[in-house]
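Each chain, letter by letter, is given below.
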Amino acid sequence: MRSEIVVVGAGPAGLQAALSAAEAGAEVTLVDNYRQAGGQYYRQPAPEFGDIEPLDHQAEGRRLWQQAAQAGLKLLTETTVWGAFEGHQLALDGPNGPDTLQAQALILATGTYERVAAFPGWTLPGVMTTGAAQTLLKEQRIVPGERVVVAGTGPLQLVTAAALVRAGVRVVAVIEGSPVMRRMWRRPFRHMAALWNQGERLAEGLSSWLTLKRAAVPIHIGWGVTTAHGPEQLTAVTIAQLNDRWRPLPYTSRTLSCDTLCYGYGFTPATELARLLGAELHWRPEQGGFVPIRDERMQSSVPGLFIVGDGAGVGGAGLARLEGRVAGLSAAAQVMGKAVDAALPSLAAEQRFQRFYGDLFTPGPGLDELARPDTIICRCEEVTLADIRAVIEQGADTLMAVKQLTRCGMGNCQGRICGPLAAAQLARQTDQAPAQIGQFSVRPPIFPLPMPTAEAVDLADLPTIPDEHR
Amino acid sequence: MRIETTQNRPVTITIDGESVQAYPGETIAGALLARGQRAWRKTGQGHKRGLFCGMGICFDCTVTVNGCPNVRACLTPVADGMVISSEEADS
């Protein structure tokens, strides 16, 4: 298949990019892994549920998708993009089997995964990401447990805890890690510029906070979960107050009985496709880690490759949509070879909020110190911290060496969960900067493929960009 | 736990030999959690796992569906007559 513009990912950034490019007159194909457009933020109820009352941002997402559909773009759902090759060529696997898709200009809007912490007990059944609970609720109207602790950092925890309360769940406590947030009220004016014009976000935060307060849910700010207790499934968590470096303070710990822990410490941008295509990245911990370098049109270091939304640096749905519009219009102008008659929006206000969010919700080093020697770092291959330390002591000083010697990152998740955890441990143990450590290398297929697909595709026909050029 | 019952008629799926009712639109993971089951996959070292990332990234929730191994329970919708096994199929 071919298309003038291909957009990967149908969340806020991708939907808006596809809509803007299609409205500008370009031929657009939008590809998404899930059953329906929307991504995580606009995640829609399962189609079988029919016309049920929308939650959160579902109505806004539906409107955006309807607009995009009317603009005449092609949507491929349940389609995994598992490789990206020389000349903006993508390898797909979808309902109609394997295929390739050739783009003149490519817009990546691949979003993020949640950043987790590896503390003792984090692999117990009943411990899950906050996003997992939110998705169940939005898509299926199912809640994950009866007595739930919500922990981590950022607005997602507060919003999800409130949604669970509204769904009738007993939320035992909300634990927000940010020590900065605890003392925000001391310097209110510093934050006012960032919150100017953020009425909708403030209203959502306030309404969540009120819901929790009315339900008498304790909110601990500047605290974190240090241990999850089993033995076979989650029965309790231990929490402790954190210092400014996010290290638990001695003698503050207490234990909360619960059957479910939902947690998340921010988001890691999904940059696999960008890296396969050779885009240059830089280390921006306040935006989630390694993010692509872009110009003001959202174009990466690779001509014709645009990257937008949280997957290019965590900044929220508002910024994602604005970036999507900039990239959609710019890519359309590029493929049509003429100026597009629409003004590019200003990103300044949303970027101010992005910096404010980064100041508040970027975890400190204490988060990487919670694992004990027998704590698992790589869930797929069951590699412990002790296993990783042992090979570092034997001289492994790169992620590749740690991977080869321990199998950390070789499982089905391909290092998406353990990658940032292993990198942080390696940085600590060898006194290297995270920017120097880098990430696990990425190779197609970037997701496990069914055997029939793998057999149908000859990778030799697809020109891979060599490692030294990416 | 289900918070909203749809008008849909339930379907029947089989989980490790046991018949379970689920609603169209639910994923396998959703149907398992709705009946209070949190753990299903058994790791190589014998530890139980269930839903973790909920978005198809971590592969911790995989099950064998109608004989096909490594199917993500968090992404796969239930279908009437589906046979699900938490044991890994020989592949």
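Residues numbered from 1 in each chain as written. Chains lettered and ligands numbered in written order. Predicted model: local features only at pLDDT ≥ 70, side-chain atom pairs only at ≥ 80, totals over all residues. Heavy atoms only, no water.

Caption draft 1: View of the overall build of chain A. Within chain A one finds 15 helices and 21 strands. Expected size for 470 residues packed as a compact globule is a radius of gyration near 23 Å; at 22 Å, chain A falls within 12% of this value. Along the first, second and third principal axes, the C-alpha set of chain A runs to 65 × 55 × 45 Å. Expressed as a percentage of its 470 residues, the buried residues of chain A come to 57%. The contacts of chain A with a sequence gap of at least 6 include a subset with a gap of at least 24, amounting to 67%. Only carbon and sulfur atoms are counted for the fraction: they give 51% of the accessible area of chain A, which is about 19,200 Å². Here chain A contributes 41 positive and 46 negative side-chain charges, whose respective centroids are spaced 8 Å apart. (Helix = DSSP H or I, 4+ residues; strand = E, 2+ residues; numbered from the N terminus. Rg over C-alpha atoms; globule rule 2.2 N^0.38 Å. Buried < 20%, exposed > 50% of the residue type's maximum accessible area, 1.4 Å probe, protein only. Contact = heavy atoms within 4.5 Å. Areas by Shrake-Rupley, 256 points an atom, 1.4 Å probe, with all protein chains shown as cover. Lys, Arg positive; Asp, Glu negative; His and termini not counted. Charge placed at Lys NZ, Arg CZ, Asp CG, Glu CD.)

Caption draft 2: Region of interest: the sheet that holds strand β10 (residues 170-176) of chain A. Residues and elements named next belong to chain A. Spatially, the five strands line up as an open sheet ordered β8-β15-β9-β10-β11, and their pairing is parallel. The sheet is open, and its two borders are formed by β8 (127-129) and β11 (219-221), each paired with just one other strand. Going from strand to strand, the sheet's axes swing by 20° on average, the running direction of each strand aside. Sheet strands in contact with helix α4 (residues 155-166) are β9 (147-152), β10, β11 and β15 (260-264), and its direction is about 170° off that of β9. (Pairing = 2+ DSSP bridges. Axes fitted to C-alpha atoms, helices over the stretch in contact; angles between N-to-C directions.)

Caption draft 3: Main features of the sheet that holds strand β13 (residues 236-241) of chain A. Residue and element names in this part refer to chain A. Overall, antiparallel pairing links the three strands, which are arranged β12-β13-β14 in an open sheet. Each end of this open sheet is capped by a strand with a single partner; those strands are β12 (223-229) and β14 (254-257). The average undirected angle you get between the axes of adjacent strands in this sheet is 30°. In this structure, β13 lies alongside β14, joined through four bridges in antiparallel fashion. Within β14, the residue paired with A236 across the bridge is S257.

Caption draft 4: Geometry of the interface of chain A and chain B. Across the contact, 46 residues belong to chain A and 36 residues belong to chain B. Both sides of the chain A and chain B interface together cover about 3,400 Å² of buried area, and 59% of this is carbon and sulfur. Connecting chain A to chain B are three salt bridges. Residue D259 of chain A is joined to R38 of chain B by a salt bridge in which the shortest nitrogen-to-oxygen separation is 3.7 Å. At the junction of chain A with chain B, the criterion picks out 15 residue pairs in polar contact (both at pLDDT 80 or more). Elements supplying a minimum of two residues to the side of chain A that touches chain B: β7 (112-114), β8, α3 (130-140) and β15 of chain A. It is α3 of chain A that contributes the most residues to the side of chain A that touches chain B, seven residues altogether. (Buried area = accessible area lost by both parts, 1.4 Å probe. Salt bridge = Lys/Arg side-chain N within 4 Å of Asp/Glu carboxyl O. Polar contact = N/O pair within 3.5 Å; in protein donor to acceptor, adjacent residues only side chain to side chain.)

Caption draft 5: Inspection of the packing of helix α1 (residues 12-23) of chain A against helix α9 (residues 316-336) of chain A at higher detail. All names here are of chain A. Running from N to C, α1 and α9 point in directions that differ by 30°, and their axes come no closer than 7 Å. The interaxial crossing formed by α1 with α9 has right-handed handedness. Residues P12, A13, Q16, A17, S20 and A21 of α1 lie in contact with α9, whose contacting residues are A317, A320, R321, G324, R325, G328, L329 and A332. Residue composition of the contact of α1 with α9, grouped by class: eight nonpolar, four polar and two charged. (Left-handed = near helix turned anticlockwise from the far one by under 90°. Nonpolar A, V, L, I, M, F, W, Y, C, P; charged D, E, K, R; others polar.)

Caption draft 6: Highlighting the environment of N66 of chain B. Residues and elements named next belong to chain B. As for its placement among the helices and strands, N66 is situated in the loop between β5 (62-65) and β6 (68-72). Judged by relative accessible area, N66 falls into the exposed class, the value being 55%. The spacing of N66 and I28 is 38 residues in sequence and 13 Å in space, taken between C-alpha atoms. Ignoring anything within four residues of it in the chain, the contact list for N66 reads G81, M82 and V83.

Caption draft 7: Quick peek at the environment of Q425 of chain A. Residues and elements named next belong to chain A. Locating Q425 in the fold gives a position in helix α13 (residues 418-430). As for Q425 and E369, which are separated by 56 residues in sequence, their C-alpha atoms are 8.4 Å apart. For Q425, the contacting residues outside a window of four places in its chain are D368, I377 and L385. Here the side chain of Q425 touches D368 through a polar contact of 2.9 Å, landing on its backbone oxygen.

Caption draft 8: Examining α9 of chain A more closely. When the terminal C-alpha atoms of α9 of chain A are compared, their 30 Å separation across 21 residues agrees well with the 30 Å that a helix rising 1.5 Å per residue should span. Residue G337 of chain A follows α9 of chain A closely and has a positive phi angle near 65°. (Expected span 1.5 Å × (residues − 1).)

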